[in-house]
Amino acid sequence: MLTPQGLKGKQYRITGNSYPRLGRPPKKSRKVFALIGSLLALALIALGGVQLYDIFTGRGKDSSAQACASPSGKPLAAPTPTPDASPGAPAGDPHAIPQPAAFKVNVFNATTKAGLAGRTAEEFTKRGFTVDKKGNAPAELDKKVPGTAVVIAGPAGAGAATLISSQIAGATVSTDARTDNSVDVVVGDSYNALLDETQAAAALALATKPSPTPSATGSC
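The structure reproduced in this document is the subject of the present report. (Residues numbered from 1 in each chain as written. Predicted model: local features only at pLDDT ≥ 70, side-chain atom pairs only at ≥ 80, totals over all residues. Heavy atoms only, no water.)

Looking now at the overall build of the protein. A count of helices and strands for the protein gives five helices and five strands. When its helices and strands are written in sequence order, the protein yields α-α-β-α-β-β-α-β-β-α. When the 220 residues of the protein are sorted by exposure, 26% land in the buried category. For the protein, the share of sequence-separated contacts (at least 6 apart) that also reach a separation of at least 24 residues comes to 67%. In the structure as shown, the protein presents an accessible area of about 15,300 Å², 59% of it carried by carbon and sulfur atoms. (Helix = DSSP H or I, 4+ residues; strand = E, 2+ residues; numbered from the N terminus. Buried < 20%, exposed > 50% of the residue type's maximum accessible area, 1.4 Å probe, protein only. Contact = heavy atoms within 4.5 Å. Areas by Shrake-Rupley, 256 points an atom, 1.4 Å probe, with all protein chains shown as cover.)

In structure tokens, the structure reads:
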């Protein structure tokens, strides 16, 4: 009786000229390598399938182009700039800044400070404005202007109101139904004097500065 190596203790009887065929002993490392290779192969197959899907469904197109498209799929048009009140506005535009003598200014005093309307009217006159009326504020505004001033104008006097309000720090602008381009200035409790001309010019430049317009070629 012989126990050949590799038969794990089993005994075999040798008869004739044939011997039992011996297999190679299994090795754990080969099983590990085979498992890793199988996982890599599956990963490559999955990645290839995703790429093919994107190609055939069109998902590989530039995403930035899709982001700039409207819900209908058409590219969005460049935004239209909003007109601003500025000295360069077209003639006849109520938002255009007029020359100081091109409209009438009415100055009213809504405080208890005597002579404030007269002094303010003189300051406006020295700067080239045409002062029409001056005096105490009407009853609906008398002693009811807590800030520096309220500038009142109609739709046709929008540019003139911008020019006048730039002369007074903290002035607010109000609109009424008048049809001409005249402007009322009602000075309040916090008012002392007009800004100096340099400060007034800077305030006007800030008030008429165009709003930035997004570039048509930039991001959406």
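The subject of this paragraph is helix α4 (residues 158-165). Among the eight residues of α4, seven are classified as buried, and the element is accordingly described as predominantly covered. Listed as buried for α4 are Gly159, Ala160, Ala161, Thr162, Leu163, Ile164 and Ser165. Where α4 is buried, its residues touch β1 (104-109), α3 (116-126), β3 (149-153), β4 (172-175), β5 (183-187) and α5 (197-207).

Right, let's get into unusual backbone geometry. Where the residue is not glycine, phi is negative for most of them; where a peptide bond is considered, it is trans in most cases. Backbone geometry places Lys143, a non-glycine residue, at a positive phi of 60°. Its location among the elements puts Lys143 in the loop between β2 (130-136) and β3. When its relative accessible area of 52% is taken as the criterion, Lys143 is described as exposed.

This part is about the nonpolar core. Formed by 24 residues in total, the largest nonpolar core has its most connected members in Phe103, Phe124, Ile164 and Ile168. The set of elements that each furnish at least two residues to this core consists of β1, α3, β3, α4 and β5. When residues no more than four places from it in sequence are discounted, the contact partners of Ile168 are Phe124, Thr148, Ala149, Val185, Tyr191, Leu194 and Leu195. Counting residues in each nonpolar core, the second largest holds seven residues, with Phe108, Ala110, Ala137 and Val150 among its members. (Core = buried A, V, L, I, M, F, W, Y, C linked by side-chain atoms within 4.5 Å.)

Tallied over the entire structure, the rule returns three salt bridges. In this structure, the salt-bridge partner of Arg178 is Asp176, at a minimum N-O distance of 2.8 Å. Exposure remark for Arg178: the relative accessible area of 17% places this residue in the buried category. Take Asp176: its relative accessible area is 28%, and that puts it in the partly exposed class. Here Arg178 and Asp184 are joined by a salt bridge, their closest N and O atoms 2.8 Å apart. Judged on exposure class, the residue Arg178 and its partner Asp184 are both buried. Look at the salt bridges and you will find they share partners, linking Asp176, Arg178 and Asp184 into a network. (Salt bridge = Lys/Arg side-chain N within 4 Å of Asp/Glu carboxyl O.)

Interpretation in functional terms is not warranted from these geometric data alone.
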